[in-house]
Amino acid sequence: MEELSSISLQTNASILSNIITDCMMQNGMTLENLDDACTHVRELFRTDATIKKAD
């Protein structure tokens, strides 16, 4: 089961990486833009996780 989970994580990471790369190329984005987006996503998940824990 751990092996399947690991494969699934790798597959999902690959899919996400391809989507991000395509978006960046289509919109002429830089690594700085990617860093900013990652910061926003981290904050969103921290906030969401905090809200879910409180429920």
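Model, not experiment: these values are computed from the prediction. (Residues numbered from 1 in each chain as written. Predicted model: local features only at pLDDT ≥ 70, side-chain atom pairs only at ≥ 80, totals over all residues. Heavy atoms only, no water.)

1. Side note on the overall build of the chain
Here is step 1 of the chain: On a plain count of helices and strands, the chain comes out with two helices and zero strands.
Here is step 2 of the chain: Relative to its full complement of 55 residues, the chain shows a buried share of 2%.
Here is step 3 of the chain: By element, 60% of the accessible surface of the chain is carried by carbon and sulfur atoms, the whole surface being about 5,100 Å². (Helix = DSSP H or I, 4+ residues; strand = E, 2+ residues; numbered from the N terminus. Buried < 20%, exposed > 50% of the residue type's maximum accessible area, 1.4 Å probe, protein only. Areas by Shrake-Rupley, 256 points an atom, 1.4 Å probe, with all protein chains shown as cover.)

2. Brief notes about the pattern of salt bridges
Here is step 1 of the chain: By the definition in use, this model includes one salt bridge.
Here is step 2 of the chain: Two residues, Arg 46 and Glu 43, come together in a salt bridge whose shortest N-O distance is 2.7 Å. A residue pair is termed a helical-turn pair when its members lie 3 or 4 positions apart in one helix, as Arg 46 and Glu 43 do in helix H2 (residues 31-54) at three residues.
Here is step 3 of the chain: You can call Arg 46 partly exposed: its relative accessible area is 49%.
Here is step 4 of the chain: What makes Glu 43 partly exposed here is its relative accessible area of 41%. (Salt bridge = Lys/Arg side-chain N within 4 Å of Asp/Glu carboxyl O.)

3. Overview of a nonpolar patch on the surface
Here is step 1 of the chain: Judged by side-chain polarity, Val 41, Leu 44 and Phe 45 come together as a nonpolar surface patch covering roughly 320 Å² of accessible area.
Here is step 2 of the chain: Structurally, Val 41 is set in helix H2. (Patch = residues over 30% accessible without salt bridge, like charges linked within 9 Å, V, L, I, M, F, W, Y side chains within 5 Å.)

4. A closer look at the layout of surface pockets
Here is step 1 of the chain: In this structure, the largest pocket occupies an estimated 220 Å³ of space.
Here is step 2 of the chain: In terms of lining residues, the largest pocket is bounded by Leu 16, Ile 20, Cys 23, Met 24, Met 29, Leu 34, Ala 37, Cys 38, Val 41 and Arg 42.
Here is step 3 of the chain: Broken down by secondary-structure element, the contributors of at least two residues to the lining of the largest pocket are helix H1 (2-26) and H2.
Here is step 4 of the chain: Among the elements that line the lining of the largest pocket, the one with the most residues is H2, at five residues.
Here is step 5 of the chain: Of the residues that constitute the lining of the largest pocket, the class distribution is nine nonpolar, no polar and one charged. (1 Å grid on protein atoms, 1.4 Å probe; cavity = no way out; pocket = protein on both sides within 12 Å on 5 of 7 lines; lining within 4 Å. Points joined across faces, edges and corners; volume = space filled by probe spheres on them. Nonpolar A, V, L, I, M, F, W, Y, C, P; charged D, E, K, R; others polar.)

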